[in-house]
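So the chains spell out like this:
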Amino acid sequence: PGEDLGRVVAAAGPLPVQNACYYVQQAANGLQHAHEKGMVHRDIKPSNLILTRDGKKHTVKVLDFGLAKVGSEAGAD
C-alpha cells in the first residue's frame, strides 16, 4: 500500500526540498541496488515511485521494471 509520488505532488503541490531530497536519495539507493543486480530500470518517473508509510517513517519503493534491461543485455543498445 502506498501512493505514487506523481499523485502526491499533484494533490499537495511541490514537495518541501528536504522531503524531495530524502525521497530522491531513497530512489537512487533502490536503483543502485537494481544496478548491482544487473538491472537498468529505463522508465523512472514519479508514478513509478511509491511512497509508503510505516508509522511516521516514509519509504520510497521503485516499481515497474517492465522496461528494464537485465544481465548482459544492460550494456547493449
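Just above, that's the structure.
Residues numbered from 1 in each chain as written. Predicted model: local features only at pLDDT ≥ 70, side-chain atom pairs only at ≥ 80, totals over all residues. Heavy atoms only, no water.

Looking at this model, I keep getting lost on the overall build of the chain. Mind explaining?
Each helix and strand in the chain was counted, giving two helices and five strands. Secondary structure elements of the chain occur, N-terminal to C-terminal, as β-α-α-β-β-β-β. Looking at the chain as a whole, 25% of its 77 residues are labelled buried. Here the contacts in the chain between residues at least 6 apart in sequence split such that 60% fall between residues at least 24 apart. (Helix = DSSP H or I, 4+ residues; strand = E, 2+ residues; numbered from the N terminus. Buried < 20%, exposed > 50% of the residue type's maximum accessible area, 1.4 Å probe, protein only. Contact = heavy atoms within 4.5 Å.)

Help me understand the environment of Leu51 in this model?
Among the secondary structure elements, Leu51 is positioned in strand 3 (residues 49-54). Through-space distance from the C-alpha of Leu51 to that of Leu5 is 6.3 Å; in sequence the pair is 46 residues apart. Residues in contact with Leu51, not counting those within four places in the same chain, are Gly2, Glu3, Leu5, Val8, Tyr23, His58, Thr59 and Val60.

Would you mind going over the side chain of Asp4 with me for this structure?
Turning to its location among the elements, Asp4 is positioned in strand 1 (residues 3-4). Classification of Asp4 by relative accessible area gives buried; the value is 13%. Engagement of the side chain of Asp4 in a polar contact is seen with the backbone nitrogen of Gly6, the distance being 2.9 Å. Excluding residues within four positions of it along the chain, Asp4 makes contact with Pro46, Ser47, Leu49 and Ile50. (Polar contact = N/O pair within 3.5 Å; in protein donor to acceptor, adjacent residues only side chain to side chain.)

What is the right way to look at the pattern of salt bridges in this model?
A pair can form between side chains of opposite charge whenever their charged atoms are brought close. In total, this model carries two salt bridges according to the counting rule given. Residue Asp4 pairs with Arg7 through a salt bridge whose shortest N-O separation is 3.7 Å. Accessibility expressed as a relative area gives 57% for Arg7, which makes it exposed. As a salt-bridge pair, Asp43 and Lys45 come within 3.6 Å of each other at their nearest N and O atoms. Take Lys45: its relative accessible area is 37%, and that puts it in the partly exposed class. (Salt bridge = Lys/Arg side-chain N within 4 Å of Asp/Glu carboxyl O.)

Could you clarify how one ought to interpret the sheet that holds strand 4 (residues 57-62) in this entry?
The strands making up a sheet associate through backbone hydrogen bonding, with each pair oriented either parallel or antiparallel. Spatial ordering of the open sheet is given by 1-3-4, a layout of three strands whose pairing is antiparallel. The open sheet has two edge strands, strand 1 and strand 4, and neither has a second partner. Sheet topology note: the strand 1/strand 3 ladder contains two bridges and is antiparallel. In the sheet register, Glu3 faces strand 3, and the bridge partner there is Leu51. Across the face of the sheet, helix 2 (residues 17-36) comes into contact with strand 3 and strand 4 while running at roughly 40° to strand 4. (Pairing = 2+ DSSP bridges. Axes fitted to C-alpha atoms, helices over the stretch in contact; angles between N-to-C directions.)

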